[in-house]
Amino acid sequence: MPAELSPIDKAKFLAAKRATEFVEDGMKLGLGTGSTAAWMVRCLAERVREEDLRVIGVPTSARTAQLARQLGVPITTLDEAKWLDMTIDGADEFDPNLNLIKGGGAALLQEKIVATASDQMIVIADAAKDVAQLGAFPLPIEVIPFGWQTTKALVEETLVSLDVMNRDVTLRMNGPKPLLTDEGNYILDLHLKRIGNPRQMALVLNQIPGVVENGLFIDICDIVVVGHADGRVTVKDINSGEVEDDRVDFVPTSNIFADMD
């Protein structure tokens, strides 16, 4: 086991551990993608081992599916599960209304499908993801490879009429080649700096031919669990309006790090 986690990893671990306390026996769960969601899968796997917790997970990416199998978390497909009790996932940014930017891990399409097929979405994050207004993190959109440059030009043209501070659009690369999503699509990153009207932008972007989905998650997240390096955890519930400050014991066992060997 690593001797010491970095402050950011400690915050992610604490948020993930607290979020898994919402999981109840018999639940069908959406399993998110990304570094914070990976901590959640590890914490969930420990509950499965130590408490004989019975759950079934629907991964939002091939990476998450591989990690869940490796750690012994049972998984299935969304088609088999049909509907989920809860999805736990990370976010690249969230605002005071718990609107999100997601897609830094290039899994936004599956993440949004799984999250909207759930009774509840819980987001886990470190404090740096908490922003007053979305847009500092580049907004990803998934586009089909055919005619992607035309799609990019249409996106750039559309941004002129939207309330943003910047309009740079770049193709996400994986070395010398365009990055491919699990569905074989490309990712365009919109460097906007500020998104004045996220709801409008989400609707408008999805009307552009070639755009499969965008990384704005509007009215999808119910709860955000924010971890802090000093051991504090903040739970924000958008439905009740409650904000709860708590502490989580930082006692990661060797099982948590089983996939890091």
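This text goes with the structure placed above it.
Keep in mind that this is a model prediction, so the values were computed, not measured. Every chain begins its residue count from 1, and numbering advances along the sequence as written. Restriction of local features to residues with pLDDT of at least 70 applies here, the model being predicted, together with a cutoff of 80 or more for giving and counting side-chain atom pairs; totals for whole chains, interfaces and linings are based on all residues. Hydrogen atoms and water are omitted, and side-chain values are computed over all heavy atoms in the structure.

## A closer look at the packing of aromatic side chains
Part 1 of the argument: Each Phe, Tyr or Trp ring, with Trp reduced to its six-membered ring, pairs with another whose centre is within 6.5 Å; inter-plane angles below 30 degrees give stacked pairs, above 60 give edge-to-face pairs, and intermediate values give tilted ones. According to the stated counting rule, one finds two aromatic pairs in the structure shown.
Part 2 of the argument: Relative to Trp39, the ring of Phe13 has its centre 5.7 Å away and its plane inclined at 75°; by these criteria the two rings are edge-to-face. One end of the pair, Phe13, is in helix α1 (residues 7-20); the other, Trp39, is in helix α2 (residues 35-51), with 26 residues separating them in the sequence. Like Phe13, the residue Trp39 is buried in the burial classification.
Part 3 of the argument: When the ring of Trp148 is compared with that of Tyr186, the centres are 6.2 Å apart and the planes differ by 75°; the resulting orientation is edge-to-face. Taken together, the positions of Trp148 in helix α6 (residues 148-159) and Tyr186 in strand β11 (residues 186-191) put the pair 38 residues apart, joining distant regions of the chain.
Part 4 of the argument: Here the term buried applies to any residue with accessible area under 20% of the maximum for its type, exposed to any over 50%, and partly exposed to those in between, with areas from a 1.4 Å probe on protein chains only. With a relative accessible area of 15%, Tyr186 lands in the buried category. In this text, helices come from DSSP runs of H or I with a minimum length of four residues, and strands from runs of E with a minimum of two, each type numbered from the N-terminal end.

## Remarks on the pairing of strand β15 (residues 232-237)
Part 1 of the argument: One bridge is not enough; two strands pair if DSSP finds at least two bridges between them. Two strands pair when backbone bridges link them, and strand β14 (residues 223-227) and β15 are joined in this way by five bridges, in the antiparallel orientation. Bridge pairing in β15 links Ile223 to Asp237.
Part 2 of the argument: In sequence, β14 turns back onto β15 through a hairpin of four residues, with Gly231 there showing a positive phi of about 100°.
Part 3 of the argument: Between β15 and strand β16 (residues 243-247), which follow one another and run antiparallel, lie five residues, and Gly241 among them has a positive phi close to 80°.

## Remarks on the sheet that holds strand β3 (residues 86-89)
Part 1 of the argument: Strand order in the open sheet formed by seven strands is β2-β1-β3-β6-β14-β15-β16, with mixed pairing between adjacent strands. Of all strands in the sheet, those with a lone pairing partner are β2 (56-59) and β16, marking the two edges. The sheet shows a mean angle of 20° between the axes of neighbouring strands, direction not considered.
Part 2 of the argument: Bridge analysis of strand β1 (residues 28-31) against β2 gives four bridges, and the strand direction is parallel. The residue bridging Leu31 from the neighbouring strand is Pro59, located in β2.
Part 3 of the argument: Whether two residues are in contact is decided by their heavy atoms, any of which lying within 4.5 Å being enough. The axes used here are C-alpha line fits, helices contributing only the stretch in contact, and every angle between their N-to-C directions lies in the interval 0 to 180 degrees. In this fold α2 packs onto β1, β3 and β6 (121-126), with an angle of close to 115° to the strand it touches most, β6.
Part 4 of the argument: Most of the contacts of helix α5 (residues 108-116) go to β3, to which it runs at about 145°, and overall it touches β1, β2, β3 and β6.

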